[in-house]
2 protein chains.
Amino acid sequence: MPINFHIPKHHEIYPVKGVKIGIASAGIKTEGKKDITVFYFSEHTTVAGVFTTNRFCAAPVQICKQRLASHAAIRALLINTGNANAGTGEQGIQDALATSAVLANTLHLNENQVLPFSTGVILEPLPTDKIKKAIPDAVMHFAENEWFNAAYSIMTTDTVPKIASRQLIIDDKTVTITGISKGAGMIRPNMATMLGFIATDAHIAQPLLEKMTTAIANQSFNRITVDGDTSTNDSFIIAATGQSGVNVEEGTKTFDVIQAALTDIARELAQKIIRDAEGATKFITITVEQAKNSDEALKVAYAIAHSPLVKTAFFASDPNLGRILAAIGYAGIADLDTQTLSLYLGDVLVASNGGRHPTYQEEQGQAVMKEEEITVRVVLYRGEVTETVYTCDFSYDYVRINADYRT
Amino acid sequence: MPINFHIPKHHEIYPVKGVKIGIASAGIKTEGKKDITVFYFSEHTTVAGVFTTNRFCAAPVQICKQRLASHAAIRALLINTGNANAGTGEQGIQDALATSAVLANTLHLNENQVLPFSTGVILEPLPTDKIKKAIPDAVMHFAENEWFNAAYSIMTTDTVPKIASRQLIIDDKTVTITGISKGAGMIRPNMATMLGFIATDAHIAQPLLEKMTTAIANQSFNRITVDGDTSTNDSFIIAATGQSGVNVEEGTKTFDVIQAALTDIARELAQKIIRDAEGATKFITITVEQAKNSDEALKVAYAIAHSPLVKTAFFASDPNLGRILAAIGYAGIADLDTQTLSLYLGDVLVASNGGRHPTYQEEQGQAVMKEEEITVRVVLYRGEVTETVYTCDFSYDYVRINADYRT
C-alpha cells in the first residue's frame, strides 16, 4: 500500500503547450499493455537531463548523454517499458540508435534530436522490431492531454501512476508545469529504473535549463533512496517549450518562482517513488542541519537512510536511538564530535551530548515512530549547510518482493 | 541455524601458556548467566589491538586505545556482556575506569595495565557495582583451560560459541594459538559488537605485534560484513605471552608460519561470526581480483556485499546477474571499464564484455546459487591486487530479528 499517496484528479493535470504525447502497445513484455510513450516538443524547446552515475549505464543513457552534450535540438523522447536495454553491450547501442532513428524519420527530425529511454528487464536484447512497429501508432495518437496515460504507460512494477501538475500566473500569462515519474528509486535494478519527465511552457535558454535541472535533481530525484542500489537507467529530464511566452532569466523574480515550482513538482514526483516503494510502510524524511558542507550532510543522511538496522527499527516503530547514533558515527566524518550533536525524532530532542537527552522519555520517541510519516533531524553544529533525504523503512515485504522477483 | 558451523571438541582447544581465564556471574542482564570474563597474562606479554572506526565509540574502546597508545604493559582484560557502556558520555568513561581499577587492584597491577571491553545494550549506564562484586569471583576461578567457558561467557545473541585453536611445532618447541570471538559482525549495534581475542605463547615484540595485528585484522575481522553497520564497540586483541620460548622476528620462516597461523585462526573466528549471523542462510565469499589497489577492490567487494538486492537474490538462490553487475557499476570507481571485467559465480563465467557471457546458461548459475557456500569472483583486469570479503544473505529472519529486537 503506497503511503499517503495522492493521485490527482484528471482536471488537476494541465497539458503543457508545445508538448504532444503518443502512447502505443508494442507487446514487449505483456500483450496489450501500453509500453511505448513518445513525447514530441514544439520547435525551439530546450531540454536538459541528469542521469545515473552507475558505470554500467544502459545503452539509451549513453546515447542521451552524448546527444545532450552535442547540443542537438532535442524534439522527441522515446520511452519503452519491459526491457531496460542494459548490460547489452554494443548491440544495445545499435538497437537504441535504430529505434530512435525510426521515430526521427517518422517525425522528420535528425536522428540525434530524439532521446531514448528504456526500463524493464536487463541483460536481454531490446525487441527492436516490436518497438519500430509500434512507433507510427504512438505518433498517430499524438495529443496534448495524454499525461495521465503517459504516467500509466511508463509504469513497470509501480502500483500507482506518479503525476504532478501546477499552473502559475506570471505577468498575466499562465505557465504550466506538468511531470510524471516511475520506479521505486534504486530498488529495482532489474525491472529497473527511476524515470522522471517534466515539461513546462516557460522559455528557458539551454545553458540556464541545464544548470536548473542539476540543481532541481539535487533537491528531488538525487535525494531519494530505498536501498542504496543505483540503477543502470535512472534518468531525469526537463523540457521547456517556451509556448507560454514567459521568459525565465537568472536573477529575476520569475526565475525564483519557476525554479521553486519546478523543484516542488520534481520533489513531489520523487517522493511519490518512495511512497510507492516495495514493501514500504513509512515515509521518512532525514534532515541534517548545520553541517560544514553538503558532502558531510549527505554522508550522515545517507548513513541513516541506508542502515538496514535503522530501517528495520522504523518498520517496527521502535525508537532505537542506538542504531541511529551508530549510523551517524560511521558516516565517515573523521573529525565528528559526537559529544555536541543533537538528534530529533519529529519535534522530540532524543539525544544530545553523546547520549540520550536527560528529559527524553521513550514513550515520546515511540509516539513519533508510530506515525506513517517520520522526520529524523540531526544537528551537527559545524556549519550552515542543510541537506534533506527521503527514504522508507525495510519490511518483510521488501525481502519477499525482491527474493521472489524473478521466480 | 548457523551455516556449516564447526564447534571443536574440548580436546581440540589447547590452553595457551601464560594465559589464565576467570569467569563469573554479575547478573548484569540475566541472573545466573556468566557475564564477566577476565584474561590474565604472564609478565612480559605483549598485547596489540584494532578497534571500531565508529566516531560514537564506546567508553571502553576509548580507554583501550589510550592505554595501548601509552605503551602500558597490559596484563589483563576485563570483558562484560549485557551492557555496552556506549553512548554513556563522561560517566561511561568513569565507570570503565572504576571497574578496571578494581581488577587492577585485585591483581596488584597498575590501573592502566587492564583493558576493558563491554558488549550489550547501549545508552544504559554500566552497572558498576555488580561488576565490581563479581571480579574477585572471576579471579578466584582463574584456570588455563577455561577457553571454552570464555567463548560461552562473551556470547550475547550468538547462538553458538566461537572458538578456534591450533598448535605448531617450531624448532622442536610447541607454539599454541587459541582464540574466541562473538557477535554477528556489525549487525547488532544494540546487543552490539564484534569481539575477538587471540592469545599465543610465542614471543612477539610489541612493535611487531602491532604491525601483525593490523595486517591480520585486514584479512579477517575487517573483511566481514553483514549489513554494513559498524558497531560502537568492535575490538580485536592479540596477546603474545612468550612462554613457549619461540621468538618471532620479521623476515624469518618462523614469522611467516606464525603470521599465517594467526591469520588462519582470526579468519576462522571472523567467518564464524558470519556463519552465525542473524537470519543468514548462505555464507558468501566475494573476491575481487586484478584491481589497481586494495581500496578499489574493497569498494567493489563491499558494494556487492552490502546491496540488499544482491543479498535478497542470494536468499532466493536467484542467479540475478543484473543486480551484481549494477552493484559493481555503482561501487565508485570513476574510470571502471564495464566492457572488460569478468564475473564468476563459483567456477562459472557468467558475465564478460559488459553483459551475459555467450556460453552461460542460467541453470549453471542456478546450481551455484543453491549451495550454502557461494563464491562470487570479479576480475577487473586493472592491476594485481586481490581482496576478499565474507558476508551472508538477507532473509525474512533478518527483518524479523531486527524489527523484534527490543519489543
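Residues numbered from 1 in each chain as written. Chains lettered and ligands numbered in written order. Predicted model: local features only at pLDDT ≥ 70, side-chain atom pairs only at ≥ 80, totals over all residues. Heavy atoms only, no water.

(A) Quick look at the overall build of chain A. Secondary structure summary: chain A contains 11 helices and 17 strands in total. With respect to the three principal axes, the spread of C-alpha positions in chain A is 70 × 55 × 40 Å. Per-residue burial over chain A gives 64% buried out of 407 residues. Excluding contacts between residues fewer than 6 apart, the proportion of contacts in chain A whose partners are at least 24 apart in sequence is 80%. As presented, chain A carries roughly 14,500 Å² of accessible surface, and 49% of it is formed by carbon and sulfur atoms. (Helix = DSSP H or I, 4+ residues; strand = E, 2+ residues; numbered from the N terminus. Buried < 20%, exposed > 50% of the residue type's maximum accessible area, 1.4 Å probe, protein only. Contact = heavy atoms within 4.5 Å. Areas by Shrake-Rupley, 256 points an atom, 1.4 Å probe, with all protein chains shown as cover.)

(B) Expanded view of unusual backbone geometry. All names here are of chain B. The backbone of His71 shows a phi angle near 60°, a positive value even though the residue is not glycine. With respect to the helices and strands, His71 occurs in the loop between α1 (59-69) and β4 (76-83). Located in the positive-phi region is Asn85, a residue other than glycine, with phi close to 50°. By the element assignment, Asn85 lies in the loop between β4 and α2 (89-106).

(C) Expanded view of the sheet that holds strand β8 (residues 195-200) of chain A. Residue and element names in this part refer to chain A. Taken in spatial order, the 5 strands of this open sheet run β3-β10-β8-β7-β6, and their pairing is mixed. A strand with exactly one partner marks an edge of an open sheet, and here the two such strands are β3 (46-51) and β6 (162-170). Strand-to-strand twist across the sheet, computed as the mean angle between neighbouring axes with direction ignored, equals 10°. Pairing analysis gives 6 bridges linking β8 to strand β10 (residues 235-240), with the strands arranged parallel. Opposite Leu195, over in β10, you have Ser235 as the bridge partner. Each of β3 and β10 touches helix α5 (residues 206-217); the most contacted strand, β3, lies at about 35° to it. (Pairing = 2+ DSSP bridges. Axes fitted to C-alpha atoms, helices over the stretch in contact; angles between N-to-C directions.)

(D) Representation of α5 of chain A in the model. Residues and elements named next belong to chain A. Here α5 is 12 residues long and its end C-alpha atoms lie 16 Å apart, about the 16 Å a rise of 1.5 Å per residue gives. Among all positions of α5, only Leu208, Leu209, Met212, Thr213, Ile216 and Ala217 are buried. With its buried residues spanning 155° around the axis, α5 presents them on a single face. (Expected span 1.5 Å × (residues − 1). Arc of directions from axis to C-beta.)

(E) Highlighting the environment of Gln167 of chain A. Residue and element names in this part refer to chain A. You can see Gln167 is positioned in strand β6. Residue Gln167 is classed as partly exposed on the basis of its relative accessible area of 37%. Along the backbone, Gln167 and Asp256 are 89 residues apart, and their C-alpha atoms lie at a distance of 15 Å. Aside from chain neighbours lying at most four places away, what touches Gln167 is Tyr14, Thr174, Val175 and Thr176. Among the polar contacts made by the side chain of Gln167, one reaches the side chain of Thr176 at a distance of 2.8 Å. (Polar contact = N/O pair within 3.5 Å; in protein donor to acceptor, adjacent residues only side chain to side chain.)

(F) Focus on the state of the cysteines. All names here are of chain B. Evaluated as defined, the whole model comprises 0 disulfides over all chains. Looking at Cys64, it has no disulfide partner, and the nearest cysteine sulfur is the one in Cys57, 9.9 Å off. A relative accessible area of 0% places Cys64 in the buried class. (Disulfide = S-S within 2.5 Å.)

(G) View of the domain arrangement of chain A. All names here are of chain A. Domain annotation of chain A identifies domain 1 (10-275) and domain 2 (283-404). Distance from the C-alpha centre of domain 1 to the C-alpha centre of domain 2: 33 Å. Of the residues lining the interface, 14 residues belong to domain 1; the matching set on domain 2 comes to 16 residues. Note on domain 1 versus domain 2: buried area summed over both sides is about 1,200 Å², and carbon and sulfur give 53% of it. For the pair domain 1 and domain 2, the interface holds 2 salt bridges. Of the charged contacts in the structure, one is a salt bridge between Arg223 and Glu387, with a shortest N-O distance of 2.9 Å. By residue class, the composition of the side of domain 1 that touches domain 2 is 4 nonpolar, 6 polar and 4 charged. (Domains from an automatic or database assignment. Buried area = accessible area lost by both parts, 1.4 Å probe. Salt bridge = Lys/Arg side-chain N within 4 Å of Asp/Glu carboxyl O. Nonpolar A, V, L, I, M, F, W, Y, C, P; charged D, E, K, R; others polar.)

(H) Fine view of the packing of helix α1 (residues 59-69) of chain A against helix α2 (residues 89-106) of chain A. Residue and element names in this part refer to chain A. For the pair α1 and α2, interaxial distance at closest approach is 8 Å and the crossing angle is 65°. Where α1 crosses over α2, the two elements pack in a sense that is right-handed. Residues Ala59, Pro60, Gln62, Ile63 and Arg67 of α1 touch α2, and the partners they reach there are Gly92, Ile93, Ala96, Leu97 and Ser100. Of the residues contributing to the contact of α1 with α2, the split by class is 6 nonpolar, 3 polar and 1 charged. (Left-handed = near helix turned anticlockwise from the far one by under 90°.)

(I) α1 of chain A, seen in detail. Along α1 of chain A, the residues that are buried comprise Ala59, Pro60, Val61, Ile63, Cys64, Arg67 and Leu68 of chain A. Where α1 of chain A ends, the next residue or the one after it, His71 of chain A, has phi of about 60°, a positive value.

(J) Molecular detail of the environment of Lys311 of chain A. Residue and element names in this part refer to chain A. Mapped onto the secondary structure, Lys311 falls in helix α8 (residues 308-315). With relative accessibility at 2%, the residue Lys311 sits in the buried group. Each C-alpha atom, one on Lys311 and one on Thr200, is 36 Å from the other, the two residues being 111 residues apart in sequence. Apart from the residues within four sequence positions on either side, Lys311 is in contact with Thr225, Val226, Ala305, His306, Thr391, Cys392, Asp393 and Phe394. Within polar-contact distance, the side chain of Lys311 engages the side chain of Thr391 at 2.8 Å.

(K) Inspection of the side chain of Thr176 of chain A at higher detail. All names here are of chain A. Relative to the helices and strands, Thr176 is located in strand β7 (residues 173-182). Assessed through its relative accessible area of 3%, Thr176 is described here as buried. Residues within four places of Thr176 in sequence aside, it is in contact with Tyr14, Pro15, Val16, Arg166, Gln167, Ala199, Thr200 and Asp201.

(L) Focus on the packing of aromatic side chains. Within the structure shown, the criterion is met by 17 aromatic pairs over all chains. Between Phe39 of chain A and Phe197 of chain A, the ring centres sit 5.8 Å apart and the planes meet at 35°, which makes this aromatic pair tilted. Here Phe39 of chain A is found in strand β2 (residues 36-41), whereas its partner Phe197 of chain A is found in strand β8, with 158 residues between them in sequence. There is no split in this pair, since Phe39 of chain A and Phe197 of chain A are both buried. Through pairs of rings, three or more aromatic residues link up here, namely Phe39, Phe41, Phe117, Trp147 and Phe197 of chain A. Of note, Arg377 of chain A hangs over the ring of Tyr344 of chain A, and the distance from its end group to the ring centre comes to 4.2 Å. Looking at Lys272 of chain B, its charged tip hangs above the ring of Phe5 of chain B, at a distance of 4.6 Å from the centre. (Phe/Tyr/Trp six-rings, centres within 6.5 Å; stacked < 30°, edge-to-face > 60°. Lys NZ or Arg CZ within 6 Å of the ring centre and 35° of its normal.)

(M) Looking closely at the side chain of Asn54 of chain A. Residue and element names in this part refer to chain A. Within the fold, Asn54 resides in the loop between β3 and α1. A residue is classified by how much of its surface remains accessible, and Asn54, at 2% relative accessible area, is buried. Reaching out from Asn54, the side chain makes a polar contact with the backbone nitrogen of Phe56 at a distance of 2.8 Å.

(N) Structural detail: the sheet that holds strand β10 (residues 235-240) of chain B. Residue and element names in this part refer to chain B. Ordered by their spatial adjacency, 5 strands build an open sheet running β3-β10-β8-β7-β6, and the pairing between neighbours is mixed. A strand with exactly one partner marks an edge of an open sheet, and here the two such strands are β3 (46-51) and β6 (162-170). Strand-to-strand twist across the sheet, computed as the mean angle between neighbouring axes with direction ignored, equals 10°. Along the sheet, helix α5 (residues 206-217) makes contact with β3 and β10, crossing β3 at roughly 35°. Against the sheet, helix α6 (residues 253-275) contacts β6, β7 (173-182), β8 (195-200) and β10, and its axis sits at roughly 165° relative to β6.

(O) Representation of the nonpolar core in the model. Counting 88 residues, the largest nonpolar core has Ile204 and Ile258 of chain A together with Ile204 and Ile258 of chain B as its most contacted members. Membership of the second largest hydrophobic core comes to 74 residues, among which are Leu298, Ala301, Ile328 and Leu380 of chain A. (Core = buried A, V, L, I, M, F, W, Y, C linked by side-chain atoms within 4.5 Å.)

(P) Quick look at the packing of α2 of chain B against helix α3 (residues 128-140) of chain B. Residues and elements named next belong to chain B. Two elements in contact, α2 and α3, have axes separated by 10 Å at closest approach and are oriented at 20°. By the angle between their directions, the pair α2 and α3 is classed as roughly parallel. Judged by the sense of rotation from one axis to the other, the crossing of α2 with α3 is right-handed. On α3, the residues that touch Asp95, Ala98, Thr99, Val102, Leu103 and Thr106 of α2 are Thr128, Ile131, Lys132, Ile135 and Val139. Within the contact of α2 with α3, the residues separate by chemical class into 6 nonpolar, 3 polar and 2 charged. (Parallel < 35°, antiparallel > 145°, perpendicular 65-115°, else oblique.)

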